[in-house]
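# Coordinates in review
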Amino acid sequence: MEVGDEVHAFTIQLAGENTSDEDMNFYLGQATAITNTKEQLEPDMLMSEHINGEYLGQVRHEGHNVYILENSTVDELETIELRISAPTDENFESQGEDISHTIEVNQ
């Protein structure tokens, strides 16, 4: 990008909580966004707020991810599907299901 370029992006605020006493890994900061405009986006790590992926016992982490649209504009968005991999334990074994959540926008 150059100075003065128009950039279309959206931000999603996320929070995760480990309600068990066991240590868990849950990487909200790596959530993939899929738009109705057929874009698959990873968070922009420089613009996003770091969300710690290690949940050591009974802890909560929150922050935001910024996604930069490459081939569409914010006004064209109708839905954003957010996909997050299931939490894993200290042996990196899944402790639940992958998460998929659709957000309706500009409705």
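The model shown is predicted, which means the values in this text are computed figures rather than measured ones.

## A word on the nonpolar core
In this structure, F10, I12, L28, Y67 and L82 are the most contacted members of the largest nonpolar core, which totals 17 residues. Secondary-structure elements contributing two or more residues to this core are β1 (9–17) and β7 (79–84).

## Section: the sheet that holds strand β3 (residues 32–35)
Reading across from one edge, β4-β3-β7-β8 is the order of the four strands in this open sheet, with antiparallel pairing throughout. Both edges of this open sheet fall to β4 (40–41) and β8 (99–104), since each of them pairs with a single strand only. The pairing of β3 with β7 spans four bridges and is classified as antiparallel. Considered in β7, the bridge of T32 is made with R83.

## Section: the environment of I34
Considering the arrangement of structural elements, one finds I34 in strand β3. The spacing of I34 and I68 is 34 residues in sequence and 12 Å in space, taken between C-alpha atoms. For I34, the residues in contact, after removing those within four places along its chain, are E39, Q40, T79, I80, E81 and R83.

## Describing the packing of aromatic side chains
To describe a pair of aromatic rings, one takes the distance between the centres and the angle between the planes. All chains considered together, the criterion is met by two aromatic pairs. With 5.2 Å between their ring centres and 20 degrees between their planes, F10 and Y67 make a pair best called stacked. With F10 in strand β1 and Y67 in strand β6 (residues 60–68), the pair connects residues that are 57 residues apart, well separated along the chain. Accessibility assignment for this pair places F10 and Y67 in one class, buried. Where F26 meets Y55, the ring centres are 6.3 Å apart and the plane angle is 55 degrees; that geometry is what we call tilted. Placement of F26 in the loop between β2 (24–25) and β3 and of Y55 in strand β5 (residues 54–55) is noted, with a sequence separation of 29 residues between them. The residues F26 and Y55 share a single accessibility class, namely buried.

## Notes on the side chain of N65
With respect to the helices, strands and loops of the structure, N65 is situated in strand β6. From its side chain, N65 meets the backbone oxygen of L28 in a polar contact 3.0 Å long. Polar side-chain contacts of N65 include one of 3.2 Å to the side chain of Y67. Ignoring any residue separated from it by four or fewer positions in sequence, one finds N65 in contact with F10, T11, I12, L14, L28, G29, A31, P43, S48 and I51.

Calculation notes
- Residues numbered from 1 in each chain as written.
- Predicted model: local features only at pLDDT ≥ 70, side-chain atom pairs only at ≥ 80, totals over all residues.
- Heavy atoms only, no water.
- Core = buried A, V, L, I, M, F, W, Y, C linked by side-chain atoms within 4.5 Å.
- Buried < 20%, exposed > 50% of the residue type's maximum accessible area, 1.4 Å probe, protein only.
- Helix = DSSP H or I, 4+ residues; strand = E, 2+ residues; numbered from the N terminus.
- Pairing = 2+ DSSP bridges.
- Contact = heavy atoms within 4.5 Å.
- Phe/Tyr/Trp six-rings, centres within 6.5 Å; stacked < 30°, edge-to-face > 60°.
- Polar contact = N/O pair within 3.5 Å; in protein donor to acceptor, adjacent residues only side chain to side chain.

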